[in-house]
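Single-letter residue listing:
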Amino acid sequence: MAQDELIVVKDLNKSFGKLHVLKNVSTTIKKGEVVAVIGPSGSGKSTFLRCLNLLEQPTSGHVFFEGVDICDKKTNIDLHRQKIGMVFQQFNLFNNMTVLKNITAAPVKIRKMDPKAAEEKALQLLDRVGLRDKANSYPSQLSGGQKQRVAIVRALAMEPDVMLFDEPTSALDPEMVGEVLNVMKDLAHEGMTMVVVTHEMSFAREVSSRVLFMADGEIREDRPSHEMFEDPRDPRLQDFLSKVLNL
Amino acid sequence: MKKVLSLLMAGMMAFSLAACGGASSTASSAAGSTPASAAASGGASSAPAASTASYDYSSYTGETIDAIKAKGKLVVGTEAQYAPFEFKDLDSNFVGCDMWLAQQIADALCVELEVMDMAFDGIIPAIKSNQVDIGIAAFTVDEERAKEIDFSDVYQKDQQVLLVKAGDEDTYTTKESLAGLQVGAQRGTVQSKLIQAALPDSELFELDKWPALALEVINGNIAGIVVDGAVADGLIQNNEGLAKANFVFGEEADNLGKAAVLPQSSDDLKELVNAVIANVTADGSFEAAYDEAVALSKSMGI
Amino acid sequence: MEFFDRMGRIFSRYSSFFGQGVANTLIIAFFAVLLGTLLGTLLAVLKMGKFKPTRWLASAYIEFIRGTPLMIQLMFIFYGLPMLNITFPEVSFIPNFERFAAGIFAMSLNSGAYVAEIIRSGIQAVDKGQAEAARSLGFKENQALVMVVLPQAIKNILPALGNEFVTVIKESSIVSVIGIADLMYQTNSVISVTFITLESLAVAAILYFIMTFVTSRLIAFAERKMANGTR
């Protein structure tokens, strides 16, 4: 396995009862890559992403993270999840904690970081997304865009090696999409490895280095983003793009 | 006459206590206290009643008696909600003629009396699971119950009274006048047996407690209820809607009576209890205790 | 009104009876809900757990207890267990301790089954994403439960638990069967000496209402406090 291969997915299958959601999915995510996963709804994009940190247990196949098969029962998945940040469509901020607590909880409880140092760092990160003044607010007091920026900061506070985004802007009012995408763009420019399930074609086109097009539980196309948008080959992809781009 | 008797017996206590080996209980302020007062549940004996300890019961021995003496207390199960037999006075002491009898039995055994207050339906299970030694709760001798437990000899036969709605007292005077009508009694009591025997053409209506039965009569749902004489007096005194019917039960009422309940195969204890009952009914002290209990319960009305 | 006049006279003459009954009813209800909550938490954890036998056992227990009368459960515990040589301890300085213990034990076993369902539904009402977010950060399952899910579940659970307490106050009248002098029992004692039924019951009803009303007000107050704390 090459040094720069961060995540290797091999023959991944996932079924919910009779429903076969992922069919022999294989791909490799390299360090520094920004991979956009696009496709019609029900194509298995989110399930694929959730298999990468085992929030969804694959039915068969393997996911290697930094060379370790995390599907192996003997692997302590909790250790690896610390290195895999995740951002959800519905933000999933801890409603019972302040913004600051949301961010420091994992570093303090899991990394055993000094609480003062963790707060310091959390405030710096909040600064970067322009939300320092919300540190002592509760999630219910924030707008959707603010919540999602905090959620990104929460994941970053664990200093992950990769960030997974599950449709991070789909639950946002249109005027808030930009503020979240800007944070993600900054991250990408800083060299963070990212896997982003998204409907934002502009993001996929401009920010991502590679695009996976999924349909019916399969990866239909896997190519650098500028190529794919200029020259879509798969008929399903052509159809999909014509629909989403001509809106 | 009864006062004299009671004083006389209180006097006798002083030297009669020798039967229990002297060290036993409270002989001092015997006179003047009510014969009906009994021990509170904790086991604290507060009952220097007109005792019959002049009788010597030391010859009664056996497995059960020895076990009671070994633990030093007689545990009696009752439901203290049936004046004048067993109830609580204003200081929450267990009182009533049954509690007096319980004290006599405890004295005969030279042990403390501990009263366990529980629902009537729970007393027989408590005897079978050895949580209580005897049940004294105005139990009626009953063949069905006798399969589960033993009965002592009968210690009391109260007058049985038919209560009807005020105004009906001259309507229901014969069993013919009650034919086809519902007549109520507490479930499984002497009264319910009596209705079956004496009013064969009436329909027996049973409930667990007399307060609800009394309301049934007041509201005109049933023709009448049969209760113990003392209960009848209390009800009439406090409920204008009730009256005693001019009805007299015949000889059917003679065969029914109240007895203590004991676990099966405890014949030694049963013999002793029967001896106590024989003595206190023969010398009139039980009747005196009953009369005082009636007086006490009457004084507790509002 | 003669009725209210008699109620007043009964209450003033027998206030010690009623007071004792109120105290005993509150003691039993309090401990029954307290222990029932502990048991209910355990049952809920088992029922939601991964280990099938205990999951089945917890479900069976909950279904059985909720599907049989409390009266019968109480009779079995107080009279049945001693026949198997299982007895409740006596404590010399607390009169009737073994009776109270049995009554509270039975009420707790019963209440536990209901509380288990309250807790389970309270936990399941917390958005699944909350636990997922915690797991995705590397928290272990039980850490996620304790830090994130339970604090939020409590806000769902507390009002229902308050209702359960109110229910237990009312249902505890059944312990009079084994001779615990709760309010219902004391009321029957009053009836047995006064021969006045409805007026005595009316006094008891008012006392029960005061207990349940004050309880539900206190719970509502606690709820508001919690809402202020976490939003």
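Source: prediction; values computed, not measured.

Chemist: Is there a simple way to think about the overall build of chain B in this case?
Modeler: Along chain B, the regular secondary structure elements total 10 helices and 12 strands. Pairs at least 24 residues apart make up 72% of the contacts formed inside chain B by residues separated by at least 6 positions. For chain B, the exposed surface amounts to about 12,000 Å²; the carbon and sulfur share of it is 50%.

Chemist: I keep staring at the packing of aromatic side chains and nothing clicks. Help me out?
Modeler: Two measures describe an aromatic ring pair: the distance that separates the ring centres and the angle between the ring planes. Under the criterion given, the structure shown has 16 aromatic pairs over all chains. Ring centres of Tyr57 of chain B and Tyr60 of chain B lie 6.2 Å apart, and the angle between their planes is 45 degrees; this geometry places the pair in the tilted category. Here Tyr57 of chain B falls in the buried class, since its relative accessible area comes to 5%. Taken together, Tyr55, Tyr57 and Tyr60 of chain B form an aromatic cluster joined through their ring pairs. Geometry around Phe94 of chain A places Arg154 of chain A over its ring, the cationic atom sitting 4.5 Å from the centre.

Chemist: Just to check I follow, could you spell out the interface of chain C and chain A for this structure?
Modeler: How large an interface is tends to be reported as the accessible area lost when its parts come together. Contact residues are listed per partner, giving 19 residues for chain C and 25 residues for chain A. Overall, the association of chain C and chain A removes approximately 2,000 Å² of surface from exposure, summing both partners, and the carbon and sulfur fraction of that is 57%. Inspection of the region where chain C meets chain A yields 2 salt bridges. Across the pair Arg135 of chain C and Asp78 of chain A runs a salt bridge whose closest N-O atoms are separated by 3.2 Å. Across the chain C-chain A interface, the total number found is 8 residue pairs in polar contact (both at pLDDT 80 or more). Counting residues per element, the ones that place at least two in the side of chain C that touches chain A are helix H6 (128-137), helix H7 (141-171) and helix H9 (197-230) of chain C.

Chemist: I tried to follow the packing of helix H2 (residues 63-71) of chain B against helix H9 (residues 267-282) of chain B on my own but got confused; where do I start?
Modeler: In helix packing, the relevant descriptors are the interaxial angle and the interaxial distance, both defined with respect to the helix axes. Residue and element names in this part refer to chain B. Where H2 meets H9, the axes come as close as 5 Å, and the angle between the chain directions of the two elements is 80 degrees. Overall, the two elements H2 and H9 adopt an arrangement that is roughly perpendicular. Contact residues: H2 offers Glu63, Thr64, Ile65 and Ile68, while H9 offers Asp268, Leu269 and Leu272. For the contact of H2 with H9, a count of residues per class yields 4 nonpolar, 1 polar and 2 charged.

Chemist: What's the story with the pattern of salt bridges in this structure? I'm lost.
Modeler: Residue and element names in this part refer to chain B. Under the defined criterion, the tally for this structure stands at 35 salt bridges over all chains. We note a salt bridge from Lys128 to Glu148, for which the minimum N-O separation is 2.6 Å. Of the two residues, Lys128 is situated in helix H4 (residues 120-128) and Glu148 in the loop between helix H5 (143-146) and strand S6 (150-156); the sequence distance between them amounts to 20 residues. Residue Glu148 is classed as partly exposed on the basis of its relative accessible area, which comes to 37%. Across the pair Lys147 and Glu144 runs a salt bridge whose closest N-O atoms are separated by 3.1 Å.

Chemist: Looking at this model, I keep getting lost on the side chain of Glu98 of chain C. Mind explaining?
Modeler: Along the chain, Glu98 of chain C turns up in helix H5 (residues 97-124). An unpaired buried charge is present at Glu98 of chain C: no salt bridge exists, and Arg99 of chain C, the closest side chain of opposite charge, is 4.6 Å distant.

Rules and cut-offs
- Residues numbered from 1 in each chain as written.
- Chains lettered and ligands numbered in written order.
- Predicted model: local features only at pLDDT ≥ 70, side-chain atom pairs only at ≥ 80, totals over all residues.
- Heavy atoms only, no water.
- Helix = DSSP H or I, 4+ residues; strand = E, 2+ residues; numbered from the N terminus.
- Contact = heavy atoms within 4.5 Å.
- Areas by Shrake-Rupley, 256 points an atom, 1.4 Å probe, with all protein chains shown as cover.
- Phe/Tyr/Trp six-rings, centres within 6.5 Å; stacked < 30°, edge-to-face > 60°.
- Buried < 20%, exposed > 50% of the residue type's maximum accessible area, 1.4 Å probe, protein only.
- Lys NZ or Arg CZ within 6 Å of the ring centre and 35° of its normal.
- Buried area = accessible area lost by both parts, 1.4 Å probe.
- Salt bridge = Lys/Arg side-chain N within 4 Å of Asp/Glu carboxyl O.
- Polar contact = N/O pair within 3.5 Å; in protein donor to acceptor, adjacent residues only side chain to side chain.
- Axes fitted to C-alpha atoms, helices over the stretch in contact; angles between N-to-C directions.
- Parallel < 35°, antiparallel > 145°, perpendicular 65-115°, else oblique.
- Nonpolar A, V, L, I, M, F, W, Y, C, P; charged D, E, K, R; others polar.
- Lys, Arg positive; Asp, Glu negative; His and termini not counted.

The analysis is restricted to geometry; functional conclusions fall outside its scope.
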